[in-house]
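Secondary and tertiary structure notes
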Amino acid sequence: MKILVGIKRVIDFSVRVQVKKDGSGVNTDGVKLSINPFDEIALEEALRIREKGMQAEVVAVSIGPAEVQQQLRTALAMGVDRAVLVETGEVLQPLMVARIFHELTKRENADLVILGKQAIDDDCNQTGQMLAALWDRPQATFASKVELKDKTLTVTREVDAGLETISVDLPAVVTTDLRLNTPRFVKMPDIMKARSKPLQTLKLDDLGVAKAPELEITNYAPPPQRVGGKKVADVPALISALKERGVL
Amino acid sequence: MQIQREIMTYDVVIVGAGPAGLACAIRLKQLKPESRVCLLEKGSMVGAHILSGCVMEPAPLDELLPDWRKTPPAICVPAAKDEFVLLTKNRRIKLPTPPQMRNRGNVIISLGSLCAWLAQQAEALDVEVFPGFPAAAPLIENGKVIGVRCGDMGLNKDGTPGPNFAAGVDIHAAVTVLAEGCRGSVSKQLIHEFKLNAECSPQTYGIGFKELWQLPAGRVKPGYVQHSVGWPLDSKPYGGSFLYHLDQDRMYVGFVAGLDYEDPEFKPFEAFQQFKHHPSVKPLLEGGEIISAGSRALIEGGLQSLPKLEMPGALLVGDAAGTMNVPKIKGTHMALRSGMLAAEHLVEHGSSEGFDARWRASPSARELHKVRNIRPGFHKGLWSGLLYAALETVTLGKLPWTLKNHADWKSLNKLGERAPETEDYVTRTLPPKDRLSSVFFAATRHDEHQPAHLKVPDTNICVGRCATEYDNPCTRFCPVQVYEMVEENGVKRLQINAANCVHCKTCDIKDPYENILWTTPEGGSGPNYQNL
Ligand SMILES: Cc1cc2nc3c(=O)[nH]c(=O)nc-3n(C[C@H](O)[C@H](O)[C@H](O)COP(=O)(O)OP(=O)(O)OC[C@H]3O[C@@H](n4cnc5c(N)ncnc54)[C@H](O)[C@@H]3O)c2cc1C
Ligand code: SF4
């Protein structure tokens, strides 16, 4: 069995994101970049499936510039068997990412693709769903529990109304929610071992994936500053204040 | 529970990826490519915990990596013009720039981004760099340092292993190089264990603050360097400010105060924020925004406080030892040089033996000798300090005596012992509003599940003696308000908000009962400074 895990390099969640002065993007100069936290959960889940005795090869895939190798090495140190970098200097949107993963599922003959439910930079929450549609396979999104038995996955999903349990047949796409697991710490000796594990680089242009239509981003702006609240003395004052604002 | 630990073996293990540690690693591999070198760094990435001015004397870097200017680090602006000023509450008076403060030929850099860049150079030479892995304790066997133990990951609050527990690895090496910077926690243990400071003056420190500002166009004059003394400090505490103008409308704004201050009510953070509101500074900053900010202690004892730099199996380099040139406020070139010298020594001798004598015979030691009386000259206040500085400078350090330093934790006056300093402060409008909002600019993070890494062995002192004798100064000297006295059901206790800590080490230095111990938290915890 082969499991593909997608990892995206994003601005670390602890960083205070700042919009560039000219509105052309956000500042990444000197900023800490890490694996998207939901993708780390995806990695952990794939490793746990393998550690439960399943004959599985776990492959981490990332799409991005050459520097993303650093995050792939972290994935290798966590325990994945090998890594693939699809190299491109462009920032891709979900549909293009889904198309690339679709191509890789074919090349790799994947049985399971685990992705984060969303990346914390653009918060799109689309790639897993789009991949399932392109691949024409079932999807189990927002997973908080995953059990695999003979080619069938039983997945508990976090939905608006609470939890929902579904079962899907492999091959399938799973996207991870926060409560699925707590990713392991990387150990020093494993970082050493990871240096000799295979990391393959594919040029995006050589993959033969048709360019997807894209949304054009025209401007970035920080959210408007919140104005502090106002305290009023009593209920009549509240009502008149609300009326003043045209709320009542 | 018996914890199983893996052992990794190297020729040299270096603790701390600051300029000293990185220069040592790079030099070792340049001179002896086959040596196996491990470099540990507690920050989540190299540079994340580095905070420095930083106007750097580039000569040692030119020597280490002659091509460095071809691919300069993110911030690198040649110093253009120096000004040294005395501030009163409303005025700015130009003083002659002391010779040690002239910066022609120097460069204004972000030491954090320089270190990140140096780490890439080190990795290209096959140094094994491990960001996110602190050395928690030294390993000593038969009176010799044999390596270090890395910190455990995944401990519960009570110190028991949690579900994701990963035991820290033991690193064994023929030589351990301590390059932890000012007040290193492992260095401190070793200085004590091997009595390396038996023959020197007590060490003395300062606390430094720094902010990186993005300003409206047209205010910044790239390369302009201003240092000030005076307001908002009255004449007693040693300290002053710096303004370094960068390119792209960015500016470094910083402040340093000597930790030998005496008034227990003194608030270093407030003094820094006040400085920003001086009429000559505020108009520069108004309307701009802070990109990153933090604080870090500086080591100020100089030559007379320098411990012995070697012990069996290990040596101290950079500010872990205290090689900083305080009157120049420059330690980076000294750290680079001592790291390189250590590497050269290790390649030639294979052991730490003889390094202390070698360093003391080097140009670095001569540089510190010349200025040795300037910092302690300020012990009696600004005027005596400036006078001493002038004297030391005109005599080229040939005064026949050496002034002593005193331990900072002993310097506080008891409440009521002396009238508190009169604070002539203004109402502040510039960010950050308070210490808690400054935490945000440091992007500091500590997983709340781990044990608090700040240890206060005797909390009875806090509610008892310390409250009555000093009014709990920890609640004021910590730059990010980690320490708070809270009252619950009529009972007072000390609350430690360890998650906010920016690893400046001030509490470990200044607590008047030496009752605060800074230890390494889980790897990767702490600030994530951006271009500081
Ligand atoms: C506010 C301020 C302004 C300054 N201005 C200037 C200036 O303008 N010019 C100048 O030349 N110098 C300046 N300095 C001094 C200069 O920054 C220092 O002298 C220099 O950084 C010392 O280098 P170092 O390598 O010894 O230590 P550091 O730079 O402190 O580096 C130590 C590294 O070790 C890591 N570390 C510590 N303990 C451990 C552990 N147990 N395990 C793993 N890693 C650990 C730390 O995270 C850090 O990355 C300034 C300092 C301050 C605070
Ligand atoms: S707790 Fe201590 S080391 Fe941490 S920020 Fe406060 S004073 Fe500095």
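This structure is a prediction, so every number in the text was calculated from the model and none was measured.

Taken together, the contacts link 23 residues of chain A with 36 residues of chain B. Roughly 2300 Å² of surface becomes buried between chain A and chain B when both sides are summed, with 60% attributable to carbon and sulfur atoms. Sorting the residues of chain A by area buried against chain B places R16(A), F185(A) and M188(A) first, and these three jointly supply 32% of that buried surface. Summed over the shared surface of chain A and chain B, the number is 2 salt bridges. A salt bridge links K21(A) to D249(B); its shortest N-O distance comes to 3.2 Å. On inspection of chain A and its partner chain B, the count reaches 8 residue pairs in polar contact (both at pLDDT 80 or more). Sort the elements by how many residues they give to the side of chain A that touches chain B and helix α5 (residues 188-194) of chain A lands first, with 4 residues. Residues belonging to the side of chain A that touches chain B are distributed by class as follows: 10 nonpolar, 5 polar and 8 charged.

It is worth spelling out helix α5 (residues 268-276) of chain B at this point. Where burial is concerned, most of α5(B) is hidden: 9 out of the 9 residues are buried. Every buried residue belonging to α5(B) is among P268(B), F269(B), E270(B), A271(B), F272(B), Q273(B), Q274(B), F275(B) and K276(B), and all of these are buried.

Residue and element names in this part refer to chain B. Inspection of the entire model under this criterion finds 10 cavities of 30 Å³ or more. Computed from the structure, the second largest cavity encloses a volume of approximately 110 Å³. Considering the residues around the second largest cavity, the lining is formed by 15 residues, among which F209, F269, G294, S295 and S438 are closest to the centre. For the lining of the second largest cavity, the secondary structure elements donating two or more residues are β14 (205-214), α5, β18 (289-299) and α12 (435-442). Partitioned by chemical class, the residues of the lining of the second largest cavity number 9 nonpolar, 4 polar and 2 charged.

A separate point is the environment of S295(B). Residues and elements named next belong to chain B. Along the chain, the position of S295 falls in strand β18. Residues S295 and S52, spaced 243 residues apart in sequence, show a C-alpha to C-alpha distance of 8.9 Å. Once residues lying within four places of it in the same chain are set aside, the contact partners of S295 are L51, G208, F209, P479, V502, C504 and Y529.

A separate point is the site of ligand 1. Residues and elements named next belong to chain B. Every one of the 36 residues lining ligand 1 counts as a neighbour, but E41, S52, V55, E180 and D319 are closest to it. One of the backbone N or O atoms of P19 is found 3.2 Å from an oxygen atom in ligand 1. Within the contact set of ligand 1, a nitrogen atom lies 2.8 Å away from a side-chain nitrogen or oxygen of E180. With the chains in place, 97% of the 990 Å² that ligand 1 exposes on its own is no longer accessible. Its residues assigned to classes, the shell around ligand 1 shows 18 nonpolar, 12 polar and 6 charged.

Cut-off values and rules
- Residues numbered from 1 in each chain as written.
- Chains lettered and ligands numbered in written order.
- Predicted model: local features only at pLDDT ≥ 70, side-chain atom pairs only at ≥ 80, totals over all residues.
- Heavy atoms only, no water.
- Contact = heavy atoms within 4.5 Å.
- Buried area = accessible area lost by both parts, 1.4 Å probe.
- Salt bridge = Lys/Arg side-chain N within 4 Å of Asp/Glu carboxyl O.
- Polar contact = N/O pair within 3.5 Å; in protein donor to acceptor, adjacent residues only side chain to side chain.
- Helix = DSSP H or I, 4+ residues; strand = E, 2+ residues; numbered from the N terminus.
- Nonpolar A, V, L, I, M, F, W, Y, C, P; charged D, E, K, R; others polar.
- Buried < 20%, exposed > 50% of the residue type's maximum accessible area, 1.4 Å probe, protein only.
- 1 Å grid on protein atoms, 1.4 Å probe; cavity = no way out; pocket = protein on both sides within 12 Å on 5 of 7 lines; lining within 4 Å.
- Points joined across faces, edges and corners; volume = space filled by probe spheres on them.
- Near = heavy atom within 4 Å.
- Areas by Shrake-Rupley, 256 points an atom, 1.4 Å probe, with all protein chains shown as cover.

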